[in-house]
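# Results of the structural survey
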Amino acid sequence: MDFKIKVAELFTQVENELSLEEALTLIEIPPSQDMGDYAVPCFKFAKKYRKSPAVIASEIAEKFGTIEEFERIESAGPYVNFFVDKKHFVEKILKEAFKEKENYGSTNIGKGKSVIVEFSSPNIAKPFHIGHIRTTIIGNSIYKIFNYLGYNTITINHLGDYGTQFGMLISAYKKWGTPEIVEAIEKNPIQELLKLYVRYNKEIETHPEYKEEARYWFKELETGNEEAHRLWTWFREVSLKEFNRVYDMLNIKFDSYAGESFYSDKMPLVMEELEDKCLLKDSEGAKIVELQQYGLTDAVVQKSDGSTLYVTRDIAAAMYRKKTYNFYKNIYVVGAPQKLHFEQWRKIIELMGYEWAEDCVHVMFGTVSLEDGVLSTRQGRVVFLEDVLNKAIEKTMDIINERNTNLENKELVAKQVGIGAVIFQELFNNRIKDYMFSWDKTLSFEGETGPYVQYTYARTCSLLRKGEVEIDDNVDYSILTDKEAFNVIKKIEGFKAAVLGAHDKYEPFFITRYIVSLAQEFNRFYHECPIVVEDIEVKKARLLLTKTVNNVLKKGMELLGMETPERM
RNA sequence: GCACCUGUAGCUCAGUAGGAUAGAGCAGUGCCCUCCUAAGGCAUGUGCCGGGGGUUCGAUUCCUCUCAGGUGCACCA
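An account of the accompanying structure is given in this report.

Basis of the calculations
- Residues numbered from 1 in each chain as written.
- Chains lettered and ligands numbered in written order.
- Predicted model: local features only at pLDDT ≥ 70, side-chain atom pairs only at ≥ 80, totals over all residues.
- Heavy atoms only, no water.
- Near = heavy atom within 4 Å.
- Polar contact = N/O pair within 3.5 Å; in protein donor to acceptor, adjacent residues only side chain to side chain.
- Helix = DSSP H or I, 4+ residues; strand = E, 2+ residues; numbered from the N terminus.
- Phe/Tyr/Trp six-rings, centres within 6.5 Å; stacked < 30°, edge-to-face > 60°.
- Buried < 20%, exposed > 50% of the residue type's maximum accessible area, 1.4 Å probe, protein only.
- Pairing = 2+ DSSP bridges.
- Axes fitted to C-alpha atoms, helices over the stretch in contact; angles between N-to-C directions.
- Salt bridge = Lys/Arg side-chain N within 4 Å of Asp/Glu carboxyl O.
- Expected span 1.5 Å × (residues − 1).
- Contact = heavy atoms within 4.5 Å.
- Parallel < 35°, antiparallel > 145°, perpendicular 65-115°, else oblique.
- Left-handed = near helix turned anticlockwise from the far one by under 90°.
- Nonpolar A, V, L, I, M, F, W, Y, C, P; charged D, E, K, R; others polar.
- Core = buried A, V, L, I, M, F, W, Y, C linked by side-chain atoms within 4.5 Å.

### A short note on the protein's contact with RNA strand B
- Among the 65 residues in the neighbourhood of RNA strand B, the closest are listed as Tyr 79, Lys 303, Arg 403, Glu 448 and Tyr 455.
- Sugar plus phosphate, as a fraction of atoms of RNA strand B within 4 Å of the protein: 60%.
- Here a phosphate oxygen of RNA strand B and a backbone polar atom of Gly 447 are 3.2 Å apart.
- Within the residue set of the surface near RNA strand B, elements represented by two or more residues are strand E3 (79-84), strand E7 (286-289), helix H13 (310-325), helix H14 (339-351), helix H15 (385-403), helix H18 (450-467) and helix H21 (509-528).
- No other element matches H18, which puts eight residues into the surface near RNA strand B.

### Concerning the packing of aromatic side chains
- This model, assessed by the stated rule, comprises 38 aromatic pairs.
- When the centroid spacing of 6.2 Å and the interplanar angle of 25° are considered together, the rings of Phe 11 and Phe 45 count as stacked. Of this pair, Phe 11 sits in helix H1 (residues 2-14) while Phe 45 sits in the loop between strand E1 (38-41) and helix H3 (46-49), and the two are 34 residues apart along the sequence.
- Each ring, one from Tyr 263 and one from Tyr 320, has its centre 5.7 Å from the other, and the planes form 75°; the classification is edge-to-face. Pair noted here: Tyr 263 is in the loop between helix H11 (226-250) and helix H12 (267-276) and Tyr 320 is in helix H13, with a separation of 57 residues, a long-range link.
- Residue class for Tyr 263 comes out buried when judged on its relative accessible area of 1%.

### A few points about the sheet that holds strand E8 (residues 299-302)
- One open sheet holds the three strands; their spatial order is E6-E7-E8, and the pairing between them is antiparallel. Of all strands in the sheet, those bounded by a partner on one side alone are strand E6 (280-283) and E8. Geometrically, the sheet is characterised by an average inter-axis angle of 45° between neighbouring strands, direction not taken into account.
- Bridge count for E7 against E8 is three bridges, and the pairing is antiparallel. Residue Ile 288 lies in a different strand from E8, and its bridge partner there is Val 300.

### Digging into the pattern of salt bridges
- Throughout the structure, instances matching the rule amount to 29 salt bridges.
- Residues Arg 134 and Glu 426 are paired through a salt bridge, measuring 2.7 Å at the closest nitrogen-oxygen approach. Here Glu 426 lies in helix H16 (residues 410-426) and Arg 134 lies in helix H6 (residues 133-148), a separation of 292 residues in the sequence.
- Residue classification places Arg 134 among the buried residues on the basis of a relative accessible area of 2%.
- Across the salt bridge formed by Lys 266 and Asp 265, the nearest N and O atoms sit 3.1 Å from each other.

### Notes on helix H7 (residues 164-176)
- Between its first and last C-alpha atoms H7 spans 18 Å; for 13 residues at 1.5 Å apiece the expected length is 18 Å, and the two agree.
- Of all 13 residues making up H7, ten are buried, and the element is well covered by its neighbours.
- Taken together, the buried positions of H7 are Gln 165, Phe 166, Gly 167, Met 168, Leu 169, Ile 170, Ser 171, Ala 172, Tyr 173 and Trp 176.

### Some remarks on the pairing of E6
- Of the pairings in the sheet, the one linking E6 to E7 comprises four bridges and is antiparallel in character. Looking across to E7, one finds that Ser 283 is bridged to Ala 286.
- Here E6 hands over to E7 after two residues, with Glu 284 in that stretch at a positive phi of 50°.

### Regarding the sheet that holds E1
- The strand order across the open sheet built from three strands is E1-E3-E2, with neighbouring strands paired in antiparallel fashion. In the strand order of this sheet, the two ends are held by E1 and strand E2 (70-76), each with one partner. With strand direction ignored, the average angle separating the axes of adjacent strands in the sheet is 15°.
- Bridge count for E2 against E3 is six bridges, and the pairing is antiparallel. Across the sheet, the residue bridging to Ser 75 is Val 80, located in E3.
- Here helix H4 (residues 53-63) sits on the sheet and contacts E2 and E3; the angle it forms with E2, its principal contact strand, is near 160°.

### Points about the packing of H18 against H21
- Axis separation between H18 and H21 bottoms out at 9 Å; the angle between their running directions is 45°. Between H18 and H21, the angle falls in the class oblique. Helix-helix and strand crossings are classified by hand; for H18 and H21 the assignment is left-handed. Note on element contacts: H21 touches H18 through Ile 515, Val 516, Ala 519, Gln 520, Phe 522, Asn 523, Tyr 526 and His 527, opposite Tyr 452, Val 453, Thr 456, Arg 459, Thr 460 and Leu 463.
- Residues that form the contact of H18 with H21 fall into these classes: eight nonpolar, five polar and one charged.

### Comments concerning the nonpolar core
- Judged by nonpolar contacts, the single largest core of 153 residues is most densely connected at Phe 64, Val 80, Phe 82, Ile 331, Ile 492 and Leu 545.
- By residue number, the principal contributor to this core is H11, which donates twelve residues.
- Those residues within four positions of Val 80 in sequence are excluded, and the remaining contacts are Phe 11, Tyr 38, Ala 39, Val 40, Cys 42, Ala 57, Ile 60, Ala 61, Phe 64, Ile 73, Glu 74 and Ser 75.
- Within the second largest apolar cluster, 33 residues are counted, among which are Ile 154, Val 270, Val 289 and Met 352.

### Structural notes on the packing of H6 against H16
- Where H6 meets H16, the closest approach of the two axes is 10 Å, and the angle between their N-to-C directions is 90°. On the basis of their axis angle, the class for H6 and H16 is roughly perpendicular. The segment H6 lies against H16, with Ile 133, Arg 134, Ile 137 and Ile 138 engaging Val 422, Ile 423 and Glu 426.
- Each residue belonging to the contact of H6 with H16 can be placed in one class, and the counts come to five nonpolar, no polar and two charged.

### Some thoughts on unusual backbone geometry
- Here Arg 50, not a glycine, exhibits a phi torsion of approximately 55°, which is positive.
- Summarising the element assignment, Arg 50 is placed in the loop between H3 and H4.
- Not every positive phi belongs to a glycine, and Asn 251 is a case in point at roughly 60°.
- Note on Asn 251: relative accessible area 41%, which makes it partly exposed.

Below, the structure is given as structure tokens:
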């Protein structure tokens, strides 16, 4: 980064009308190595000097004398190309990384600021399936990234634990809840509760009165009927226990499980406030907030039967969170189909006069589908998240048994690598892309994959063990100016930018792409340059580089939510 | 009908706040373990960057129209 600033400074010296900021925006990274490390195109100056950009570039390049940080500065066509002094560069980057250790890549931009990340949020009594993988893994990574940058982070699992569906479940249980069913639910909660739910929905067709009964029980639940509450609590607990199995596998923890039910008593106040602020309109018995003038569709905030809706609850939740946590950002990791909902919700909060509406962000992502169509719980088109993780672990175990039979902790490593592969895959592309779930892709471990990065990391660990020297930054840096080492170090320099990019755009894939490319560069270096060698100076220098790569890969994987096995 | 998202190599995708010959992985082919972990490295081919117009010295990138796929549009969440 500092070298880039240096380039900008040099440029402002020869072009004194240029501000440092302007100069910085002009700087580019040349497409090819032999064009230098930084470049400034001169098209912009053509008008001013009435000369061709190529002539300007060569004139500018000549104005620079010898400069310590740069090996040479020369023009190539309309560009001025800067070649950094390799030794200088290498030394600066590695010393910095060595000094900052596991904080290399972090900055303190989040100090004193609280950020809420709401993610995962499965529905109680419904399967935790492949459709939940995205919010869960993306959300966890965003939390880790913000946490690393010094923010005070709060993770919230906004459980879907409220609504008429629970009236149905309670009613169904009261009808068919034999001791055998109780036992089955304890053993296999989600599947059995889902069965009850599906059966109830089916029987509504022949027994229309069931619909009324479900509503009755939901009302009872709301008004504090003891039995209803006891059943609801039980459903919630057994479901959560099952979800926690997956969270444990993924190593995910939440600070709060305040779900929909948590806000159920906070709705009247929201309605009152909307009323006071003259935002409500009656429409066919329902209460709405008109939003058409803002290019949105009107939002229903209260049904004609008086009960509230999703948006109303989210407004209550946002207000509660502002009051409780005084957030700097309130992040919702929820699928793209809910874009309109979040736009309406944000607009309403804004209309209520809360400036912090702009601090609420919807981090959306594309939809997962299956090869045989859209996911559908009812139609049995589900892939359970737990099955995906377990299959990935199994496959990893097979590979380990094939190739490394004397590895210790095989089970642990298989778990770390298998799950790492799934996480990595999920965070490899731009969030917004839709994708089709495929076992082949999920279970492929070659090329740009999680195992590839973990393998490279394990390789660095192995080298550090075999090196048997104390790593310090007092080495002969000229050893690291060859092409392969230099490329690795240039890559290392980019870590900070990758983390910041991921932060700014709420896009973990900046980090995913980054660590894969770092691993690639390191593997090239590894194949070209023997590291653990007789010559102690060469060994020390190359091991310092190895150690730095080791640190960055480890931190990068951690930010994605992956484990980092030291042998595999 | 209206709105939003996506469209780049056979497949899956990158493409850095418009710039120098558009890049990776997979799949295919051929090399490299007497050498630090071969889940690795090297070599090799592939592109009307969906299409038309426009802005610009310069467009995969910005604007506009258009085609294709996906998603959302009031009492589900």
